[in-house]
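Now for the letters of each chain:
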Amino acid sequence: MLKKQCEQQRGKETARKVIVAVTDAKKGAARTTADKEGYTSFIIPDNVGGRFSVLTPVGLLPIAIAGFDIKALIKGAADMEAATGVNVPFAENPSAQYAAVRNVLYQEGKKIEILANFHPKLHYMNEWWKQLYGESEGKELKGIFPAAVDLTTDLHSMGQWIQEGERSIFETVISIEKPEHELLFPYDEENLDGLNFLAGKRVDEVNKMAELGTQLAHVDGGVPNLRISLDRLDEYNLGQLIYFFELGCGISGLLLGVNPFNQPGVEAYKKNMFALLGKPGYEKESEAIKARL
């Protein structure tokens, strides 16, 4: 659809110059089209699943186009790789510690992990994390269910459940130490809302107290808490966080006793969908589904 739209709007010759394909080295429709049309292309490594592909051209190209420093992102990931290598002792290896703790909690009946952040820009980091761990560990009737909340936004919705709901959960909080900007609360002469006690305080300081107050309340409510601290919210630290989670996921899946790098479960709905849409080669599946319906 996008290829046709680009060609209609800009002409086929211009489309050949501006379309970039991120695809397999040798096979697939995109590879065939890229070779035929002469598109610039980047390769998806054969041995890297989609959820682990952020630090390949799959993720790096759009991140670069969005204006971010992918060299700093990769530097952060490389430094985290060095800090979590096979020769790094467990007591100094954050990815191994994270994987071990979450599996111990799972064995103790904590079946749900809630990833929390207090920064809106981390929303889609949470969304990626849910796929990374859900698709990697949810197999053979095993696996911690990955959920996520954006705080303080979700404190009046999910916060109530976290505080007083079933004690089958634990919480992992991503905390940012240093803000990129400073914004102060103003003084209001009328003080109608009674918030002048905040005057002169940084918005980030108030947010940090909300984070600390929430953590204390949840721990008092019986929710185990893990805290991941980033110095700043920038490309270097996000690169570290991405690699930290990816390696932790691989270790955690192996501790759980499943293969964290396959995804057989997602093929089931694809077969049903193809059969329902009448894709050639799925006639038997289509008849079986019709019989069920």
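Residues numbered from 1 in each chain as written. Predicted model: local features only at pLDDT ≥ 70, side-chain atom pairs only at ≥ 80, totals over all residues. Heavy atoms only, no water.

Peer 1: Would you take a moment to explain unusual backbone geometry for this structure?
Peer 2: With the exception of glycine, the majority of residues adopt a negative phi angle, and the majority of peptide bonds are in the trans configuration. In this structure, Thr152 follows Leu151 across a cis peptide bond, with omega equal to 15°. Position of Thr152 relative to the elements: it lies in the loop between β4 (145–150) and α8 (158–164). Positive phi values are uncommon outside glycine, yet Glu140 reaches one of about 55°. In this fold, Glu140 is placed in the loop between α7 (123–137) and β4. (Helix = DSSP H or I, 4+ residues; strand = E, 2+ residues; numbered from the N terminus.)

Peer 1: Any chance you could explain the pairing of strand β1 (residues 20–23) here in plain terms?
Peer 2: Side-chain direction in a regular strand flips from residue to residue, so the side chains alternate between the two faces of the sheet. Of the two faces of β1, only the one carrying Ala21 and Thr23 is buried; Val20 and Val22 on the other face are not. The pairing of β1 with strand β2 (residues 40–43) spans four bridges and is classified as parallel. Paired with Val20 across the strands is Thr40, a residue of β2. With helix α3 (residues 29–37) bridging β1 and its parallel neighbour β2, the resulting β-α-β unit is right-handed. (Buried < 20%, exposed > 50% of the residue type's maximum accessible area, 1.4 Å probe, protein only. Pairing = 2+ DSSP bridges. Right-handed = clockwise from strand over helix to strand, strands pointing away.)

Peer 1: Even after reading the chapter, I still don't get the pattern of salt bridges, so can you show me in this structure?
Peer 2: When their charged atoms lie close together, side chains carrying opposite charge are able to pair. Per the counting criterion, the structure on display carries 18 salt bridges. With a closest N to O distance of 3.1 Å, Lys130 and Glu127 form a salt bridge. Of this pair, Lys130 and Glu127 both sit in helix α7, three residues apart, which is roughly one turn of the helix. With a shortest N-O distance of 3.0 Å, Asp204 and Lys208 are connected by a salt bridge. Here Asp204 pairs with Lys208, and both are found in helix α9 (residues 203–220), just four residues apart, close to one helical turn. On the basis of relative accessibility, which here comes to 18%, the residue Lys208 falls in the buried class. Shared partners join several salt bridges into a network, and the residues in it are Glu13, Arg16 and Glu37. (Salt bridge = Lys/Arg side-chain N within 4 Å of Asp/Glu carboxyl O.)

Peer 1: Could you clarify how one ought to interpret the packing of helix α11 (residues 266–277) against helix α12 (residues 283–292) in this entry?
Peer 2: Viewed as axis vectors pointing N to C, α11 and α12 meet at an angle of 90°, and their least axial separation amounts to 8 Å. On the basis of the axis angle, α11 is roughly perpendicular to α12. Facing α11, whose interface residues are Asn272, Ala275 and Leu276, α12 presents Glu285, Ser286 and Ile289. Its residues assigned to classes, the contact of α11 with α12 comprises three nonpolar, two polar and one charged. (Axes fitted to C-alpha atoms, helices over the stretch in contact; angles between N-to-C directions. Parallel < 35°, antiparallel > 145°, perpendicular 65-115°, else oblique. Contact = heavy atoms within 4.5 Å. Nonpolar A, V, L, I, M, F, W, Y, C, P; charged D, E, K, R; others polar.)

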